[in-house]
Amino acid sequence: MINTQVATREMFLAGLVNQCEKLDGVNGKSSAYGLDSLRDIATQYVLSANFPTVRDEEWRFTDLSPLSQVQFNVPQSNQSAIKLSDIIMPVKNKDDLPLRLVFVNGVYTPDLSTVNLPDFYVGNLSNAPEKYQARIADVLNKHREQTEVFTALNIAGLVDSAVVFVPANMPIALPIHLLFLTAPGASPTMCQPHCVVIAEPGSNVTLIEDYATIGNVAAFTNAVTDIVVGENATVNHVRLQREGLNVVHIGRSAIAQSRNSRYTCHAISLGGKISRHNLEVFQHGEGTETTLNGLTVAFGEQLSDTHSLISFNHPHGTSRQLHKCIIGNRARAVFNGKVFVPKAAQLTDAGQLSRNLLLSSRARVDTKPQLEIVADNVKCSHGATVSQLEDDELFYLQSRGLDLERSRYLLIDAFAAEILDKLPIIGVAKMLSTCMAIQS
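Fair warning: this is a prediction, and the values are worked out from it, not measured in the lab.

Cut-offs applied
- Residues numbered from 1 in each chain as written.
- Predicted model: local features only at pLDDT ≥ 70, side-chain atom pairs only at ≥ 80, totals over all residues.
- Heavy atoms only, no water.
- Helix = DSSP H or I, 4+ residues; strand = E, 2+ residues; numbered from the N terminus.
- Rg over C-alpha atoms; globule rule 2.2 N^0.38 Å.
- Buried < 20%, exposed > 50% of the residue type's maximum accessible area, 1.4 Å probe, protein only.
- Contact = heavy atoms within 4.5 Å.
- Areas by Shrake-Rupley, 256 points an atom, 1.4 Å probe, with all protein chains shown as cover.
- Lys, Arg positive; Asp, Glu negative; His and termini not counted.
- Charge placed at Lys NZ, Arg CZ, Asp CG, Glu CD.
- Axes fitted to C-alpha atoms, helices over the stretch in contact; angles between N-to-C directions.
- Parallel < 35°, antiparallel > 145°, perpendicular 65-115°, else oblique.
- Left-handed = near helix turned anticlockwise from the far one by under 90°.
- Nonpolar A, V, L, I, M, F, W, Y, C, P; charged D, E, K, R; others polar.
- Salt bridge = Lys/Arg side-chain N within 4 Å of Asp/Glu carboxyl O.
- Phe/Tyr/Trp six-rings, centres within 6.5 Å; stacked < 30°, edge-to-face > 60°.
- Lys NZ or Arg CZ within 6 Å of the ring centre and 35° of its normal.

## Considerations on the overall build of the chain
A tally of helices and strands in the chain yields nine helices and 20 strands. In terms of C-alpha radius of gyration, the chain reaches 21 Å, essentially the compact-globule figure of 22 Å for 440 residues. Overall, the C-alpha framework of the chain stretches about 70 × 50 × 50 Å when taken along its three principal axes. Put simply, the chain has 440 residues, and 57% of those count as buried. For the chain, the proportion of contacts with a sequence separation of at least 24, taken over those separated by at least 6, is 84%. Carbon and sulfur atoms form 49% of the exposed surface of the chain, whose accessible area is close to 18,800 Å². Across the chain, the centroid of the 37 positively charged side chains sits 3 Å from that of the 43 negatively charged ones.

The structure is reproduced here in structure tokens:
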């Protein structure tokens, strides 16, 4: 029985690789980025790798067996009939967010995108200016050394990517919206978005990385985002996952920070039948600042998993991490936050907190804040709490004339506000608050 299950998982991975081979290249520019050899290396890794199971330590709370039971196919064509008016936007006022890059089923869709940028670049690999191509290739070629099967699968199918390139000492006043849409197809769809963000030294940029679906689509989204934060640069990053409840979403964000840089991530997970986000931050210089704020909202029978890593490598690094989960019905959330402080990272200041709110006796959260410290002159802390709505708080609100449903919502909204109020885009916070009101 076990051998049969192993063979089935291996066949599933082989089938996904076979689908990747059907994808077209980036208009003859594969050689500029070395994509052909990069894909070959990743393909061989996937074919030799094992499909993650609950026997693996990193996946012991997240069962991916439902994923391997579905045959996914790459979309055969772009969905040109899609209208952005059919999708709830993070910022409703169009004038508030004029910079938007849209990919539909993994295919760049210029008709839905709004970019007019003479001084910096927001677009895809095919259209990237030649002066940026070598720098982009350097980022992509770091994937030649694969260590994780889903990242390798994304690279095996890499034919195009969203690209944001901000030149040195350039502040971008307006946020950039990167919208990755999954549209319905004749069969379950596999989409593998990839995104490269390069903020050169002294630059400043705000991104909204947004994953959504149209209709109740059965799909597998396997996303990889590479972000390079140059010396003294600032990147504010909102990652919003709001896909449908028939979607399995696996995403990886890999961030490389240089000296005196600042990176802030607001990772919000609302959708997906099964979702997993691997957030990895590597500090490659002194005086580096990292802030991670996370919010998971899961109801029904959703499973939402967040694994984060902050790796310090130099002195005087700082980090702050706050992750919150709101779990109802029979849903389940997982949080594993790792902070590595080697001997070279003296005078590190790191704080990590996991706070969780269970709205049902059947809801469950597995939380594991984790510090690994070798340096002897540091200031590090971590903690975790799990709680429910307090009866006396509900009673107090009801005694002031509110019904039970409204009282519950106000307490839930207050719990989430600590994260939502930190979002750099007010429209995103309003939209998320509305979604939680509907789900709760």
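There's plenty left to go through after this.
## With respect to the packing of helix 3 (residues 35–48) against helix 6 (residues 149–156)
As a packed pair, helix 3 and helix 6 sit with axes 8 Å apart at the nearest point and diverge in direction by 140°. As the angle between them shows, helix 3 and helix 6 are arranged oblique. As for how helix 3 packs across helix 6, the hand of that crossing is left-handed. Counted together, Leu38, Arg39, Ala42, Thr43, Tyr45 and Val46 of helix 3 and Val149, Ala152, Leu153, Ile155 and Ala156 of helix 6 form the full contact between these two elements. Within the contact of helix 3 with helix 6, the residues separate by chemical class into nine nonpolar, one polar and one charged.

## Regarding the pattern of salt bridges
Applying the stated criterion across every chain, the model contains 15 salt bridges. As a salt-bridge pair, Glu57 and Arg60 come within 3.1 Å of each other at their nearest N and O atoms. For Glu57, a relative accessible area of 48% puts it in the partly exposed group. Given a relative accessible area of 39%, Arg60 falls into the partly exposed group.

## Structural notes on unusual backbone geometry
Located in the positive-phi region is Asn105, a residue other than glycine, with phi close to 55°. Within the secondary structure layout, Asn105 lies in the loop between strand 1 (99–104) and strand 2 (107–108). With a relative accessible area of 5%, Asn105 lands in the buried category. For Asn260, which is not glycine, the phi torsion reads 60° and is therefore positive. With respect to the element layout, Asn260 can be found in the loop between strand 11 (247–257) and strand 12 (262–269).

## Some details on the environment of Ile310
With respect to the secondary-structure elements, Ile310 resides in strand 15 (residues 303–311). Along the chain, Ile310 and Glu145 lie 165 residues apart, while their C-alpha atoms are 20 Å from each other. The contacts of Ile310, once residues within four sequence positions are left out, are Val281, Thr290, Leu292, Ser319, Gln321, Lys338, Val339 and Phe340.

## Concerning the packing of aromatic side chains
Tallied over the full model, the rule gives nine aromatic pairs. Arranged with centres 4.0 Å apart and planes meeting at 15°, the rings of Tyr132 and Phe165 form a pair that is stacked. In this pair, Tyr132 sits in helix 5 (residues 130–140) while Phe165 sits in strand 4 (residues 162–166), placing the two residues 33 residues apart along the sequence. Under the relative-accessibility criterion, Tyr132 is labelled buried at 8%. Centre to centre, the rings of Phe180 and Tyr211 are 5.1 Å apart; their planes meet at 20°, and the pair counts as stacked. Linking Phe180 in strand 5 (residues 176–182) with Tyr211 in strand 8 (residues 204–213), this pair joins segments that are 31 residues apart in sequence. Here Phe180 matches Tyr211 in class, with each residue buried. Three or more aromatic residues link up through ring pairs in this structure, and these residues are Phe12, Phe51, Trp59, Phe72, Phe150 and Phe220. Lying over the aromatic face of Trp59, Arg276 brings its terminal NZ or CZ to 3.8 Å of the ring centre. Lying across the ring of Phe415, Lys324 places its NZ or CZ 4.4 Å from the centre.

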